[in-house]
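Okay, here's what each chain looks like letter by letter:
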Amino acid sequence: MALVNEHFLKLPNNYLFADIAKKVNAFKVMHPKADVISLGIGDVTQPLCPAVIEAMHRATDEMATTAGFHGYGPEQGYDFLREAILKNDFLPRGIHLDIDEVFINDGAKSDTGNMQELIRWDNTIGVTDPIYPVYIDSNVMIGRAGTMVDGRWSNVVYMPCTAENGFVPSIPKDRHVDVIYLCYPNNPTGTVITKKELRKWVNYALKNDILIFYDAAYQAYITDPEVPHSIYEIRGARKCAIEFHSYSKTAGFTGLRCGYTIVPKDLTAATLDGERIPLNPLWNRRQCTKFNGTSYISQRAAEAIYTPEGKEQVKATIDYYMQNAHLMIATLRRLGYEVYGGDNAPYIWMKTPRTSDTSERGALSRSLSWKFFEQLLYGANVVCTPGVGFGPSGEGYVRFTAFGTHESTEEALHRIEKWTINH
Ligand SMILES: *Cc1c(COP(=O)(O)O)cnc(C)c1O
């Protein structure tokens, strides 16, 4: 008899974005003429830049020749891309990594989900709350998260990030953790961490033998010089941190798939006997067994974003999204909303206003996040993401993304303004 991995059954069977889609569809069925604008899902809208497209055309033509054909590539990725990463993303920040510490992936989601395979099932994980759901769900799937009680997993330590603490998580004092997930700039809150704050986390990790999984998927959106682009800007981090990067938000690769993960050679974890085991060879072994590399064409495409033209074009697209972010912040603040993020990240995190709403729709859902989501959908035909979908501390907030077109963002803001004033 094949027995199922019952840990999967513990997962809430409603995926946040599926729930949102269901509610939006219900609205559309009732209001077929309404034109709904989504500022909800975190997918990009602008096309790939010309440098990337040209590189893909060239790579495709190569694949059409016997001499230029590429079959299975190295599981760790091609050296041309790994070298471009070291030279452009790390050396200019004074970070010296070895090429064997760079693993090309097919996007950061896979690696942030898979990396937990390297640690024992009974490690305790700590997460900032709210959080990108992949970190927790991937731990649930192998039984590390325990059981769900009142919206929280019993073996997960939640570190709240709210307006009250300025979205700076406190180091857990009353419970021990073994592995901590940090994501900066943060999805969903759009907030960042300063070098000084990050140094506290690195020192804490070094002192307490904790492993940090650091998700830097949005580092390309940082403009503030006090905000680190990589955890390895902090001394000692290569002894305690694994870092995940993605070209998805950097360069619009959400449909193309490419990113990379840094597993430093100095990084170790302990056996029960206390022996220190380097994680770099373990991850290499894991990848060679379970992963056959990212496509040659995707890797050539990624390489192209490091050319002078590529850099300029990628920056222009990021600036385009950040113009949306700035307009969103300015408009929402003017309307009296409390908003966060949006300066070094394409996300705006907004406190749901206190209302004395007594409509039936509002009464249907007890969550302030979901209630505001529905009011905005029905009142302004604009979709946001309920913050509580990212964790218990997200309750009472919603997320807007800056990934729309200028036109749709302006129109959405215009509708929110009209609705706010009249409502
Ligand atoms: C979008 C995103 C990623 C990247 O996902 P890909 O698999 O690279 O597309 C990783 N982490 C966070 C927090 C994200 O929002």
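**A few points about the overall build of the protein chain**
Within the protein chain, the regular secondary structure consists of 14 helices and 17 strands. Expected size for 423 residues packed as a compact globule is a radius of gyration near 22 Å; at 22 Å, the protein chain falls within 12% of this value. On the principal axes, the C-alpha backbone points of the protein chain span a range of 60 × 55 × 55 Å. Counting only residues that meet the buried cut, the protein chain has 53% of its 423 residues in that class. Partitioning the intrachain contacts of the protein chain with sequence separation of at least 6 by distance along the chain shows that 72% fall at a separation of at least 24. For the protein chain, the accessible area works out to roughly 19,600 Å², and carbon and sulfur atoms hold 53% of it.

**Comments concerning the side chain of Ser246**
Along the chain, the position of Ser246 falls in strand β9 (residues 241–246). Residue Ser246 is classed as buried on the basis of its relative accessible area of 7%. Polar side-chain contacts of Ser246 include one of 2.9 Å to the backbone nitrogen of Ser248. Setting aside residues up to four positions removed in sequence, Ser246 forms contacts with Ala108, Ala217, Cys258 and Gly259.

**Some remarks on the sheet that holds β9**
Reading across from one edge, β2-β10-β9-β8-β7-β3-β6 is the order of the seven strands in this open sheet, with mixed pairing throughout. At either margin of the open sheet sits one strand with a lone partner, and together these are β2 (102–105) and β6 (156–160). Across the sheet, the mean angle separating the axes of adjacent strands is 20 degrees when strand polarity is ignored. Bridge count between strand β7 (residues 179–183) and strand β8 (residues 211–215): five bridges; the pairing is parallel. When the bridges of β8 are listed, Ile180 appears paired with Ile212.

**Section: the site of the ligand**
The full set close to the ligand counts 14 residues, and Tyr218, Ser246, Ser248, Lys249 and Arg257 are the nearest of them. Asn187 places a polar side-chain atom, nitrogen or oxygen, 2.7 Å from an oxygen atom of the ligand. Here Asp215 contributes a side-chain N or O atom positioned 2.6 Å from a nitrogen atom of the ligand. Across the complex, the protein chains shield 93% of the 390 Å² of accessible surface that the ligand would expose by itself. Of all the cavities here, the one that holds the ligand is the largest pocket.

**What about the layout of surface pockets?**
Taken as a whole, the largest pocket holds about 1,400 Å³ of empty space. Forming the walls of the largest pocket are 46 residues, and the residues nearest its centre are Tyr15, Leu16, Pro133, Val134 and Gly389. Elements supplying a minimum of two residues to the lining of the largest pocket: α2 (16–30), α5 (108–114), α6 (133–141) and α8 (248–251). At six residues, α6 tops the list of elements feeding residues into the lining of the largest pocket.

**What to know about the nonpolar core**
Judged by nonpolar contacts, the single largest core of 101 residues is most densely connected at Tyr247, Phe253 and Phe400. The greatest single-element share of this core, amounting to nine residues, is contributed by helix α11 (residues 308–334). Residues within four places of Phe400 in sequence aside, it is in contact with Leu39, Met328, Leu332, Pro346, Tyr347, Ile348, Met350, Leu376, Cys384 and Ile416. Leu11, Val140, Leu211 and Trp283 belong to the second largest nonpolar core, which has 27 residues in total.

**A look at unusual backbone geometry**
The omega angle of the peptide bond from Asp129 to Pro130 is 10 degrees, so this bond is cis rather than trans. Its location among the elements puts Pro130 in the loop between β3 (125–129) and α6. Even without a glycine there, the phi angle at Asn381 is positive, about 55 degrees. Along the chain, the position of Asn381 falls in the loop between α13 (368–380) and β15 (382–383). The class for Asn381 is buried, based on a relative accessible area of 18%.

**Examining the environment of Pro50**
You can see Pro50 is positioned in helix α3 (residues 50–63). As a C-alpha pair, Pro50 and Val314 span 264 residues in sequence and 9.6 Å in three-dimensional space.

**A look at the packing of aromatic side chains**
Geometry of an aromatic ring pair is reported as the spacing of the ring centres plus the angle between the planes. Within this structure, the stated rule accounts for 26 aromatic pairs. A ring pair is formed by Phe27 and Tyr378, whose centres lie 4.8 Å apart and whose planes are at 80 degrees; its orientation type is edge-to-face. With Phe27 in helix α2 and Tyr378 in helix α13, the pair connects residues that are 351 residues apart, well separated along the chain. Judged by its relative accessible area of 2%, Phe27 falls in the buried class. Given the relative accessible area of 22%, Tyr378 is considered partly exposed. Relative to Tyr397, the ring of Trp349 lies with its centre 5.3 Å away and its plane at 15 degrees, an arrangement referred to as stacked. Of the two residues, Trp349 sits in strand β14 (residues 347–351) while Tyr397 sits in strand β17 (residues 397–401), which places them 48 residues apart along the sequence.

Reading the values: the criteria
- Residues numbered from 1 in each chain as written.
- Predicted model: local features only at pLDDT ≥ 70, side-chain atom pairs only at ≥ 80, totals over all residues.
- Heavy atoms only, no water.
- Helix = DSSP H or I, 4+ residues; strand = E, 2+ residues; numbered from the N terminus.
- Rg over C-alpha atoms; globule rule 2.2 N^0.38 Å.
- Buried < 20%, exposed > 50% of the residue type's maximum accessible area, 1.4 Å probe, protein only.
- Contact = heavy atoms within 4.5 Å.
- Areas by Shrake-Rupley, 256 points an atom, 1.4 Å probe, with all protein chains shown as cover.
- Polar contact = N/O pair within 3.5 Å; in protein donor to acceptor, adjacent residues only side chain to side chain.
- Pairing = 2+ DSSP bridges.
- Axes fitted to C-alpha atoms, helices over the stretch in contact; angles between N-to-C directions.
- Near = heavy atom within 4 Å.
- 1 Å grid on protein atoms, 1.4 Å probe; cavity = no way out; pocket = protein on both sides within 12 Å on 5 of 7 lines; lining within 4 Å.
- Sits in = over half its atoms within 2 Å of the grid points.
- Points joined across faces, edges and corners; volume = space filled by probe spheres on them.
- Core = buried A, V, L, I, M, F, W, Y, C linked by side-chain atoms within 4.5 Å.
- Phe/Tyr/Trp six-rings, centres within 6.5 Å; stacked < 30°, edge-to-face > 60°.

That's the geometry; what it means functionally is another story.
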